[in-house]
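Residue strings, one per chain:
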Amino acid sequence: AFEVEAAASGVTVRVEEGMSIAQALKAAGVKVDVSCEEGVCGTCICDVLEGTPDHRDHFLNDEEKADNDQMAVCCSRAKSERLVIDL
Ligand code: FES
């Protein structure tokens, strides 16, 4: 599990195994736009302000993934214990 702070919303959630960042944030009342929820469409891409994502999507290219400044919150996870995203 890891922690995600939605900076603009002022909400921090814990994301357990088997749950996506988008699901955890939605459960805490944060509005998250998702469509495919499989890492394909790019609807859920958010800017990453702090931390290192563990990219699991097929939308960002390798270069974009390496930059670690955006991520697909429907399916990607965290390599760091904590992420801060612009939501
Ligand atoms: Fe489609 Fe995340 S909702 S990539």
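Asker: It is not clear to me how the sheet that holds strand β7 (residues 82–85) should be interpreted in this structure. Could you clarify?
Answerer: Across a sheet, strands are paired by hydrogen bonds formed along the backbone, either parallel or antiparallel in direction. One open sheet accounts for five strands, arranged β2-β1-β7-β3-β5; its pairing is mixed. Of all the strands in the sheet, just β2 (11–15) and β5 (70–72) have a single pairing partner and so form its edges. The sheet shows a mean angle of 40 degrees between the axes of neighbouring strands, direction not considered. Two elements, strand β1 (residues 2–6) and β7, share four bridges in a ladder whose sense is parallel. Residue pairing for β7: V4 is matched across the bridge by L83.

Asker: What should I look at first to understand the nonpolar core in this one?
Answerer: Buried together is how nonpolar side chains tend to be arranged in soluble globular proteins. Within the largest apolar cluster, 24 residues are counted, with the highest numbers of intra-cluster contacts made by V4, I21, L25, V73 and I85. Put simply, the parts of the chain that give this core at least two residues each are β1, β2, α1 (21–27), β3 (45–50), β5 and β7. For V4, the residues in contact, after removing those within four places along its chain, are V11, T12, V13, V15, I21, L83 and I85.

Asker: Can you help me understand a negative patch on the surface in this one?
Answerer: There is a patch of like negative charges on the surface, built from D47, D62, E63, D67, D69 and D86. Counting residues per element, the negative patch draws most heavily on helix α2 (residues 62–67), at three residues. Residue position: D67 is located in helix α2.

Asker: In this structure, what is going on with the pairing of β3? I would like to understand it.
Answerer: Within a regular strand, side chains alternate between the sheet's two faces. Here β3 runs beside β5; their pairing, made up of three bridges, is antiparallel. Looking at β5, one finds that D47 is bridged to Q70. Pairing of β3 with β7 involves two bridges; the strand directions are antiparallel. By the bridge assignment for β7, V48 is matched with I85.

Criteria and cut-off values
Residues numbered from 1 in each chain as written. Predicted model: local features only at pLDDT ≥ 70, side-chain atom pairs only at ≥ 80, totals over all residues. Heavy atoms only, no water. Pairing = 2+ DSSP bridges. Helix = DSSP H or I, 4+ residues; strand = E, 2+ residues; numbered from the N terminus. Axes fitted to C-alpha atoms, helices over the stretch in contact; angles between N-to-C directions. Core = buried A, V, L, I, M, F, W, Y, C linked by side-chain atoms within 4.5 Å. Buried < 20%, exposed > 50% of the residue type's maximum accessible area, 1.4 Å probe, protein only. Contact = heavy atoms within 4.5 Å. Patch = residues over 30% accessible without salt bridge, like charges linked within 9 Å, V, L, I, M, F, W, Y side chains within 5 Å. Areas by Shrake-Rupley, 256 points an atom, 1.4 Å probe, with all protein chains shown as cover. Salt bridge = Lys/Arg side-chain N within 4 Å of Asp/Glu carboxyl O. Lys, Arg positive; Asp, Glu negative; His and termini not counted. Charge placed at Lys NZ, Arg CZ, Asp CG, Glu CD.

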